[in-house]
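Here is what each chain is made of, one letter per residue.
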Amino acid sequence: MDCVFCKIANKEIPATILFEDEDVIAFRDTNPIAPVHVLVIPKKHIASVVDITEGDVNLMGKLVYAAKKVADELGISEKGYKLLFRVGEHGGQEVEHIHLHLIGGARLSENIKPV
Ligand code: AMP
């Protein structure tokens, strides 16, 4: 499958990996929008939150828990951070493999409004 995040999960292309277990992998975003910008993905290919099913509920929880652990390790939990899923065209999703953005290390703007 020609999916860049599947290739990262399969170690076919490099990434700065911060966490990995059998289901989930977290790595630094190559175009960070904040001092901390990490993507947490399921190793299993799921294109979008639109495509998750009841069988994925546990896996989605693992994404959030992995993000929490990475945030702890990076020392940003006390001040806080954002967790973000972009979904589809209106959500601005560019890579069609579910990814949870962990964004922090600075106070972040609330600039989410229609274009
Ligand atoms: P989204 O707009 O939510 O689909 O976000 C896609 C994110 O993936 C962007 O923040 C990109 O900078 C990031 N990205 C794309 N390719 C790579 C890559 N090979 N390694 C790490 N991050 C990537």
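Before reading further, recall that the structure is shown in the block above.
Described below are features of the structure shown in this document.

Parameters at a glance
Residues numbered from 1 in each chain as written. Predicted model: local features only at pLDDT ≥ 70, side-chain atom pairs only at ≥ 80, totals over all residues. Heavy atoms only, no water. Helix = DSSP H or I, 4+ residues; strand = E, 2+ residues; numbered from the N terminus. Expected span 1.5 Å × (residues − 1). Buried < 20%, exposed > 50% of the residue type's maximum accessible area, 1.4 Å probe, protein only. Arc of directions from axis to C-beta. Contact = heavy atoms within 4.5 Å. Core = buried A, V, L, I, M, F, W, Y, C linked by side-chain atoms within 4.5 Å.

## Quick notes on helix H2 (residues 57–74)
At 3.6 residues per turn, the α-helix brings residues three or four places apart onto the same side.
Inference 1: Relative to the 26 Å expected for 18 residues at 1.5 Å per residue, H2 spans 26 Å between its end C-alpha atoms, a close match to the ideal helical length.
Inference 2: Along H2, the positions that sit buried rather than exposed are Leu59, Met60, Leu63, Ala66, Ala67, Val70 and Ala71. The arc enclosing the buried residues of H2, seen along the axis, measures out at 135 degrees, which places them on a common side. Looking at H2, the residues exposed on the side facing more than 90 degrees away from the buried face are Val57, Asn58 and Glu73.
Inference 3: The inward-facing, buried residues of H2 contact strand E1 (17–20), strand E2 (24–28), strand E3 (36–42), strand E4 (81–84) and strand E5 (100–104).
Inference 4: Glycine 75 sits one or two positions beyond H2 and adopts a positive phi of about 75 degrees.

## Considerations on the nonpolar core
Inference 1: With 18 residues, the main nonpolar core has Val24, Val40 and Leu63 as its most contacted residues.
Inference 2: Elements with a minimum of two residues in this core: E2, E3, H2 and E5.
Inference 3: Looking at this core, the element that brings in the most residues is H2, giving seven residues.
Inference 4: Look past the residues within four positions of valine 40 in its chain and what remains in contact with it is Val24, Ile25, Ala26, Leu63, Ala66, Ala67, Ile98, His99 and Leu100.
Inference 5: In this structure, Cys3, Phe5, Ala9 and Ile25 belong to the second largest nonpolar core, which totals nine residues.

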